[in-house]
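Listed below, chain by chain, are the residues.
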Amino acid sequence: MSNLKMKEAALIYLDRSGGLQKFIDDCKFYNDSKQSYAVYRFSILINPSDIVELDAELGNYILHQPLKAAQVFQSVCFIAVKTLSLIGQLQTEAQINIVLKLTHLPPLRSYSLDLCEFPLDYASQRFYMMQGIVIAMTTVTKYTQGARFLCSDEACPLSKGFEYIRVHVPGATESATVRNDFLCNLCSSSLQEDRKFRVLGDKQIVEIITAKALHAFKGYSNNQPFRFQSLTIFLRDESVSKMNIGNEYKIIGIPTCVRTSQTAVCIEANSIISCNPEVPSGISDNFRYLLSLTSSSCWKFTAILANIFASQIVPPGTYNLLKLCLLMSLVQTSDRNKELKDCLDILIMTSDTLLVDRLLNFSIKLVPRGIRHPVSTEIFPTLSRNKYGTGAVSIQAGSALLAKGGICFIGDLASHKKDKLEQLQSVVESRSITVYIPGKKFGDDINQQMTFPVQCSFWSFVDMDSSSRRNMQKTNTLIGRMDCSLIPANLVEAFGLLINCNESSCCYPLISTVQHTLKKAIDPEELLYVASKKFTTEDFEKLLAFAKNLNVEFSLEAERMIHGYYLASRRIRTDSISGSKLSASALKYLVSLAEAHARLNLRNKVLKEDVLIAALLFETSLTLKYGATVFCVAPNAVFPFELYNEEYLEQRDIYLNQCQQQLQQFIATYGPGTAIFTSDE
């Protein structure tokens, strides 16, 4: 009676939810098809909340005994087919394969599977929710959804018909569905598969890790030993190709134990939900107060941010230009599973690699997807054989795809081999990577290729004091141009920003840095400055999380100025022999810089003042790459004075206003509409 009651509840739910009508439409497809089927597969969407409210016993059955619950729906659907004459060819209930797809699970701890907790429960055969980032995936292969078997004894009544139907169930291997040692229940003769009725489906295997495991790629572990292990997810049929490398997902599935060369816990995926974290509601009170104090200027707030940023690593007032660029790159990141269009790549030329390395390593920890590339691994995807013996090729993410929406810090460029640098240049220019899969090597007849978007910003540096650098140093004839001969010229050009961090210059006084380093060596946890106490690392994390989610748009004045500067700069850096030194992507970098400065100011509108900072940073970078031009910008144009107090901030504003006038004059002289432009330009 209990089983009958659940069947009635299942029928009522199908009718109320619209599932019955979908089932009838699917039956019509099968009935109209000229193909003969041994197995008819139906996917039924289940909302656990609705079905528990309708019938608690059936809801409990679905959540805790999903395989048996599928049999209840199988019986209901078979009766519906026969009663309504929906499929003429259907003969037995075993021919119906029901897959229950859950919309969600109850938000209770007992339904959550934490990838950091061991041992994992894989014996209960019920649904769990887990969350993780995709770090590897295989190519799509086939598996047996269902098969028809017949008794080999022709005299046996079961040598005909559709009594022996085997279908895939969660956790089953291919050999559990199809093999040659099945026996007839009636006469004990061997069963033989009727191969023309075999039904194939698509299968893909992905590996995920918990987001907590990304701490291992940030270069620190809070002085606590920890380990992480990837979890294998089996995707089938409509779930195939719904997950992308680098994205984070919530997965509803049934844990199971798969025995290969070693026993492994896997998940048979049922439903996949893309993860989008909540947008932060605001910033700290100290930053809010600072913003109100500097509201009269479009430049003071970001100047103070750069001045006090990373005071745990370097003294306030040092490396301000680099710190401003790092903050601008950080606010152009994204926590969401969407395309990141506004990357800001940074290449730093420095003689103090240790300090710069610490500064960059500190900065990437402020965003969820800040990845420090381990030297022992690959930056871009690599291929390996799938350990589950499915014949598919496994594509491992690499640091760049794992840093999706964030920052990939790849260390010293000179430490990478020539072929890797060429690959990096290609990726930075195209923002994609193509993986070639040789068929012969991996047991396939044809070669394949897969292209992945690379949606992260790259940070790197070059050691100016390395021995190879000193031996190769050349004399520059162009004013302002930096010798970058250690790195391929095309790669240097591909980076959006080239920054010179020379600690011996007036911008980076040595004494304060040495004192800071010595004090930190004595007491690493001590907060040496008032700024470190008022504006903590957590405050900067909140600020960046809030700022990067702001939707910004250009004012008309800013849009005209940025296009005017781009065209003017492109014009004066064009010659008849080599053409323009500015690529088409230069305008995208300018736009990204201006947007970043507006976001860092916590504004939704990009103003001409933001364009000025973008132009000064970009022109400084161009000068280092190609030498100075008519629009001559000082190396310290963005921070011409040391920021001691309000008076120095006022002097900086006056200086930047003068730069604004020079930029407008430069655009008026060389920009669009001037006499030096041809009609084509």
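The rules behind these values
- Residues numbered from 1 in each chain as written.
- Predicted model: local features only at pLDDT ≥ 70, side-chain atom pairs only at ≥ 80, totals over all residues.
- Heavy atoms only, no water.
- Pairing = 2+ DSSP bridges.
- Helix = DSSP H or I, 4+ residues; strand = E, 2+ residues; numbered from the N terminus.
- Axes fitted to C-alpha atoms, helices over the stretch in contact; angles between N-to-C directions.
- pLDDT = per-residue confidence, 0-100.
- Contact = heavy atoms within 4.5 Å.
- Parallel < 35°, antiparallel > 145°, perpendicular 65-115°, else oblique.
- Left-handed = near helix turned anticlockwise from the far one by under 90°.
- Buried < 20%, exposed > 50% of the residue type's maximum accessible area, 1.4 Å probe, protein only.
- Core = buried A, V, L, I, M, F, W, Y, C linked by side-chain atoms within 4.5 Å.
- Salt bridge = Lys/Arg side-chain N within 4 Å of Asp/Glu carboxyl O.
- Phe/Tyr/Trp six-rings, centres within 6.5 Å; stacked < 30°, edge-to-face > 60°.
- Lys NZ or Arg CZ within 6 Å of the ring centre and 35° of its normal.
- Expected span 1.5 Å × (residues − 1).
- Arc of directions from axis to C-beta.
- Polar contact = N/O pair within 3.5 Å; in protein donor to acceptor, adjacent residues only side chain to side chain.

The next thing to look at is the sheet that holds strand E15 (residues 407–412). The strand order E12-E15-E18-E11-E19 describes an open sheet built from 5 strands, whose pairing is parallel. Because the sheet does not close on itself, it has two edges, and the strands there are strand E12 (370–372) and strand E19 (497–501). Going from strand to strand, the sheet's axes swing by 20 degrees on average, the running direction of each strand aside. Sheet topology note: the E12/E15 ladder contains 3 bridges and is parallel. Looking across to E15, one finds that Arg-372 is bridged to Phe-409.

Turning our attention to the confidence of the model for the chain. Of all residues in the chain, 89% have pLDDT values of 70 or greater, and the mean over the chain is 86. Low pLDDT (under 50) marks residues 675–681, which in the prediction has 10 contacts with non-local residues, meaning those over four places away or in another chain.

Where helix H7 (residues 285–293) meets helix H8 (residues 300–308), the axes come as close as 9 Å, and the angle between the chain directions of the two elements is 135 degrees. Of the possible angle classes, the one that applies to H7 and H8 is oblique. You can see that H7 and H8 cross each other, and the crossing is right-handed. Two secondary-structure elements touch here, H7 through Phe-287, Leu-290 and Leu-291 and H8 through Phe-301, Ile-304 and Leu-305.

Quick look at the environment of Asp-25 now. Mapped onto the fold, Asp-25 is located in helix H2 (residues 19–32). Taking relative accessible area as the criterion, Asp-25 reaches 43% and is therefore assigned partly exposed. Each C-alpha atom of the pair Asp-25 and Leu-86 lies 9.3 Å from the other, and the pair is 61 residues apart in sequence.

Ranked by size, the top nonpolar core spans 155 residues in total, and within it Met-130, Ile-233, Leu-413, Phe-458, Phe-540 and Tyr-565 carry the most contacts. For Leu-413, the contacting residues outside a window of four places in its chain are Leu-347, Leu-421, Leu-424, Ser-460, Phe-461, Val-462, Ile-487, Leu-491 and Phe-495. Formed by 40 residues, the second largest nonpolar core is a distinct cluster that contains Tyr-13, Leu-58, Ala-69 and Phe-127.

Okay, unusual backbone geometry next. With phi around 55 degrees, Ala-310 is a residue other than glycine that occupies positive phi space. Looking at the element boundaries, Ala-310 is found in the loop between H8 and helix H9 (320–330). Positive phi, normally seen in glycine, also occurs at Leu-602, with a value near 60 degrees. In this structure, Leu-602 sits in the loop between helix H19 (585–600) and strand E23 (605–606).

On to the pattern of salt bridges. Here the idea is simple: oppositely charged side chains can pair when their charged atoms come close. For the structure shown, the criterion picks out 22 salt bridges. In this structure, Arg-148 and Asp-194 form a salt bridge, with 2.8 Å as the shortest nitrogen-oxygen distance. On the criterion of sequence distance, the pair formed by Arg-148 in strand E4 (residues 141–151) and Asp-194 in the loop between strand E6 (191–193) and strand E7 (199–209) is long-range, its members being 46 residues apart. Taking the relative accessible area as the measure of exposure, Arg-148 reaches 9% and is therefore buried. Assessed through its relative accessible area of 11%, Asp-194 is described here as buried. A salt bridge links Lys-300 to Glu-650; the nearest nitrogen and oxygen atoms lie 2.4 Å apart. Of this pair, Lys-300 sits in helix H8 while Glu-650 sits in helix H21 (residues 646–670), and the two are 350 residues apart along the sequence. Among the charged side chains, a network of salt bridges with common partners joins Arg-41, Lys-101, Asp-237 and Glu-238.

The final tally for this structure, using the stated rule, is 19 aromatic pairs. Each ring, one from Phe-309 and one from Phe-362, has its centre 5.9 Å from the other, and the planes form 55 degrees; the classification is tilted. Linking Phe-309 in the loop between H8 and H9 with Phe-362 in helix H10 (residues 353–364), this pair joins segments that are 53 residues apart in sequence. The exposure class of Phe-309 is buried, given its relative accessible area of 1%. Overall, Phe-362 belongs to the buried group, its relative accessible area being 13%. Put simply, the rings of Phe-23, Phe-29, Tyr-30, Tyr-37, Tyr-40 and Phe-42 touch in pairs and so form one group of aromatic residues. The residue whose ring lies beneath Arg-126 is Tyr-128, and the NZ or CZ to ring-centre distance is 4.2 Å. Its guanidinium or amino end placed over the ring of Phe-639, Arg-652 lies 4.7 Å from that ring's centre, counting from NZ or CZ.

Before going further, it helps to examine helix H15 (residues 510–522). Taking 1.5 Å per residue, 13 residues should reach 18 Å; H15 reaches 19 Å between its end C-alpha atoms and fits that length. Listed in full, the buried residues belonging to H15 are Thr-513, His-516 and Lys-520. For H15, the angular spread of buried residues about the axis comes to 60 degrees, placing them on one side. Of the exposed residues in H15, the ones pointing more than 90 degrees away from its buried face are Ile-511, Leu-518, Ala-521 and Ile-522.

Among the 11 residues that make up H9, 11 are buried, leaving the element largely enclosed by the rest of the structure. Within H9, the full set of buried residues consists of Asn-320, Leu-321, Leu-322, Lys-323, Leu-324, Cys-325, Leu-326, Leu-327, Met-328, Ser-329 and Leu-330.

This part covers the environment of Asp-412. Following the sequence through the fold, Asp-412 ends up in strand E15. A relative accessible area of 19% places Asp-412 in the buried class. Measuring from C-alpha to C-alpha, the distance between Asp-412 and Asp-357 comes to 8.8 Å, with 55 residues separating the pair along the chain. With residues near it in sequence (within four places) discarded, Asp-412 still touches Ser-460, Phe-461, Val-462 and Asp-463. Polar contacts involving the side chain of Asp-412 include one to the main-chain amide nitrogen of Ala-414, which spans 3.0 Å.

Along a regular strand, successive side chains alternate from one face of the sheet to the other. Of all 5 residues making up E19, 4 are buried, and the element is well covered by its neighbours. Sheet topology note: the strand E11 (residues 346–350)/E19 ladder contains 5 bridges and is parallel. Bridging across to E19, Thr-350 finds its partner in Cys-501.

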